[in-house]
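Spelled out, the chains give:
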Amino acid sequence: MSKCLKQRLLFSGYGFSFNKTKWKKNPFWEIKCCSLDQGLQPRPKPKPAKVDIDVSVRSNFVRRPSVGLCSQIEKLVLFARYREALDLFEIFEIEGGFDVGISTYDALVNACIGLRSVRGVKRVFNYMIDNGFEFDQYMRNRVLIMHVKCGMMIDARRLFDEMPERNLVSWNTIISGLVDVGDFMEAFRLFLNMWEEFSDAGSFTFAVMIRASAGLELISIGRQLHACTLKTDIGDDIFVSCALIDMYSKCGSIEDARFVFEEMPEKTTVGWNTIIAGYALHGYSEEALDMYYEMRDSGVKMDHFTFSMIVRICARLASVEHAKQAHAALIRHGFGSDIVANTALVDFYSKWGRIEDARHVFDKMASKNVISWNALIGGYGNHGRGSEAVELFEQMLQERMNPNHVTFLAVLSACSHSGLSERGWEIFQSMGRDNRIKPRAMHYACMIELLGREGLLDEALALIRVAPFKPTANMWAALLTACRVNENFELGKFAAEKLYGMEPDKLNNYIVLLNIYNSAGNLKEAADVVHTLKRKGLRMRPVCSWIEVKRRPHVFLSGDNRHPQRKEIYQKVDKLMLEISKYGYVPNQKTLLPDVDEQEERVRLYHSEKLAIAFGLISTPYWSPLQIVQGHRICGDCHEAIKLIARVTGREIVIRDAGRFHHFRHGHCSCEDYW
């Protein structure tokens, strides 16, 4: 959409008619919705003076007049001591007969909302009914809000339907609640009913409905709502603008989202976060990063959501330097203890080869959730440090943090990557026995990989057959990989046939089987696989590897001649091949990359990872480690060559391939040649 968006919306027929009949012609019945978590403001009250709270024993309170007890409850709520306030309220329930005023009930409503306590809602509301409290419009709305905020939508809807009188607060509360729980069609139906009754809606209502239209990516309805906000002169409202940016982004029109953002009279933190998230959503990571720097230079205050997004964007760009800058800014802006942002950092550093930095961030966190633990456990596993992953898992249990399915997947994967077979089996068996978590297919796949690493292929096949569900492609793929490493031709063929039936067009399955045939010298069967690939039209595609040097990514294809330093790079590769040949390196002619172009066989000595390593060696100090990223699994020939390159150069080389990290040091790899 061009810059005449506003005029087009106003004059192209978009927007709701203010006539009751015309409203019914709008196509709302195709709409889905997303949630909007916007709170409703209570009526203003004088701010109480700060006083000390004297919470005495229950026996003393019983003898006090109800005014004193009510005052204590209100003070506790004022200082966000919600649990204590509800505990004190229990005196009312036990003794009965107290005259409770509206301000105390209002405070108890806040306590229930603050705790999201369903039990508290029932206690307070039942006490109000049982003691004959006379509700005015304000308290009816407050009770409705209490039910909605605590997720009790069935009861909330009943209360709404039974209200003798409803105002805009009542309608907005129930509509936003319906959107929050995903009942989008009912939300739109009530929205139309509200308009018929009031012929009016505020910025909050439109923000809710705009976000609802974004939930189903139905841009036509979003544009109608946008036009209506322009006609009612609330198009520049901050909440409406942010909702529109979010809607256009999720509906695939990032240009319109950017236009709305540029038209905002005041660009707030939420506005910047929303447009950055929109760019990131559509894969425009570099543009999102540029927007972040614009936000920083504009002087707008950044929050923990900003930094969490930027860390995730850096993960997509594989930019450690940008992530380190975001980390420093996070601390500088006072969010060093934020659990969301720090968990994102742990996840980023774990995924991009900085596992020690990940552990440092993790240890500094004042509080951790299960996602934080999972991120670091998974990071240790991907780096081949299974023992540390298991130790961290045991520490998690000691600190009474309940593991979930992802936790067990991370620790079992760590055991399989490091060959910790006995410990892996103990953890696998403890899932249902000690934690009441039923193992899923991915957990079985980890155990199959673990057995395969030990060469126990018959046992791995038996585990597939005894699984309490139909074997998945991941389970058969784990067995196929085990057959490749152990060069089991017959069982590998059997696993490949199972995979073909489930994933007939997945290239990697054919390539693994092709490697098995080549390694076993079965050239006829290998030729048959190649023929099948051609018949299905599955072409092996070019792959690339990249390395970041001085904050700039350098991308290499196999046999690449585009880099300005190509002459020096190829000379370095030739020199390295000569040096490692003295240690017994002979190019392996039997294996293929899992997903590379057919011409790769003619440029084996110049595979993309070798070119990236050569460039890193000539462009970085001798003491710094090299980190390579690639989207394909490293081939066997390069794996052997890089082990020897790490030995002769004395450099640590870290490669993140499609499956895991490979840390090459002193002629060895952290994967122990199983990947």
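The coordinates are above.
First, a word on scope: everything that follows refers to the structure included in this document.

Calculation notes
- Residues numbered from 1 in each chain as written.
- Predicted model: local features only at pLDDT ≥ 70, side-chain atom pairs only at ≥ 80, totals over all residues.
- Heavy atoms only, no water.
- Phe/Tyr/Trp six-rings, centres within 6.5 Å; stacked < 30°, edge-to-face > 60°.
- Buried < 20%, exposed > 50% of the residue type's maximum accessible area, 1.4 Å probe, protein only.
- Salt bridge = Lys/Arg side-chain N within 4 Å of Asp/Glu carboxyl O.
- Helix = DSSP H or I, 4+ residues; strand = E, 2+ residues; numbered from the N terminus.
- Pairing = 2+ DSSP bridges.
- Contact = heavy atoms within 4.5 Å.
- Axes fitted to C-alpha atoms, helices over the stretch in contact; angles between N-to-C directions.
- Expected span 1.5 Å × (residues − 1).
- Core = buried A, V, L, I, M, F, W, Y, C linked by side-chain atoms within 4.5 Å.
- 1 Å grid on protein atoms, 1.4 Å probe; cavity = no way out; pocket = protein on both sides within 12 Å on 5 of 7 lines; lining within 4 Å.
- Points joined across faces, edges and corners; volume = space filled by probe spheres on them.
- Nonpolar A, V, L, I, M, F, W, Y, C, P; charged D, E, K, R; others polar.

Okay, the packing of aromatic side chains next. Inspection of the entire model under this criterion finds 23 aromatic pairs. Taking the centre distance of 6.2 Å and the plane angle of 70° together, the rings of Tyr279 and Tyr284 count as edge-to-face. With relative accessibility at 36%, the residue Tyr284 sits in the partly exposed group. Centroid distance Trp425 to Phe428: 5.7 Å. Interplanar angle 90°. Geometry classified as edge-to-face.

The next point concerns the pattern of salt bridges. All told, the structure shown has 23 salt bridges when counted by the stated rule. A salt bridge links Lys250 to Asp246, with the shortest nitrogen-to-oxygen separation between them at 3.4 Å. Of the two residues, Lys250 and Asp246 both sit in helix α14 (residues 238-250), four residues apart, roughly one turn of that helix. Between Lys643 and Glu640 there is a salt bridge; the shortest N-O distance is 3.3 Å. One end of the pair, Lys643, and the other, Glu640, are both in helix α34 (residues 636-649), three residues apart, so they sit about a helical turn from each other. Owing to a relative accessible area of 9%, Lys643 belongs among the buried residues under this scheme. Residue Glu640 is classed as partly exposed on the basis of its relative accessible area of 39%.

With respect to topology, six strands assemble into an open sheet ordered β2-β1-β3-β4-β5-β6, the strand pairing being mixed. The open sheet is flanked by β2 (552-557) and β6 (668-669), the only strands paired with a single partner. Sheet topology note: the strand β5 (residues 661-665)/β6 ladder contains two bridges and is antiparallel. Bridged to Arg665 within β6 is His668. Each of β4 (653-656), β5 and β6 is contacted by α34, which is oriented at about 40° to β5, the strand it contacts most.

Moving on to helix α13 (residues 219-231). Between its terminal C-alpha atoms α13 stretches 18 Å, which fits the 18 Å expected from 13 residues at 1.5 Å a residue. Of all 13 residues that make up α13, ten are buried, and the element is covered over most of its length. Those residues of α13 not exposed but buried are Ile221, Gly222, Arg223, Gln224, Leu225, His226, Ala227, Cys228, Thr229 and Leu230. One or two residues past the end of α13 sits Asp233, with phi positive at roughly 60°.

Our focus in this paragraph is the nonpolar core. Counting residues in hydrophobic clusters, the biggest one holds 178 residues, and the most contacted among them are Ile276 and Leu479. By size, the runner-up hydrophobic cluster in this structure holds 31 residues, among which are Val549, Tyr585, Leu626 and Phe664.

So, on to the layout of surface pockets. Of the voids in this model, the largest pocket is the one considered here, and its volume is about 1,100 Å³. Along its surface, the largest pocket is lined by 42 residues, and His417, Glu449, Ala658, Gly659 and Arg660 are the ones closest to its centre. Only α20 (339-351), α22 (370-382), α24 (405-418), α26 (441-453), α28 (473-486) and α30 (507-520) provide two or more residues apiece to the lining of the largest pocket. Looking at which element gives the most residues to the lining of the largest pocket, the answer is α28, with seven residues. For the lining of the largest pocket, the class distribution of residues is 16 nonpolar, 15 polar and eleven charged. Of the pockets and cavities examined, the second largest pocket occupies roughly 670 Å³. For the second largest pocket, the lining is made up of 29 residues, of which Arg354, Glu548, Pro625, Leu626 and Gln627 are closest to its centre. For the lining of the second largest pocket, the elements supplying multiple residues, two or more each, are α19 (320-332), α21 (355-364), β1 (544-549), β3 (626-630) and β5. Sorting elements by how many residues they give to the lining of the second largest pocket places β1 first, with four residues. Partitioning the lining of the second largest pocket into residue classes produces 14 nonpolar, six polar and nine charged.

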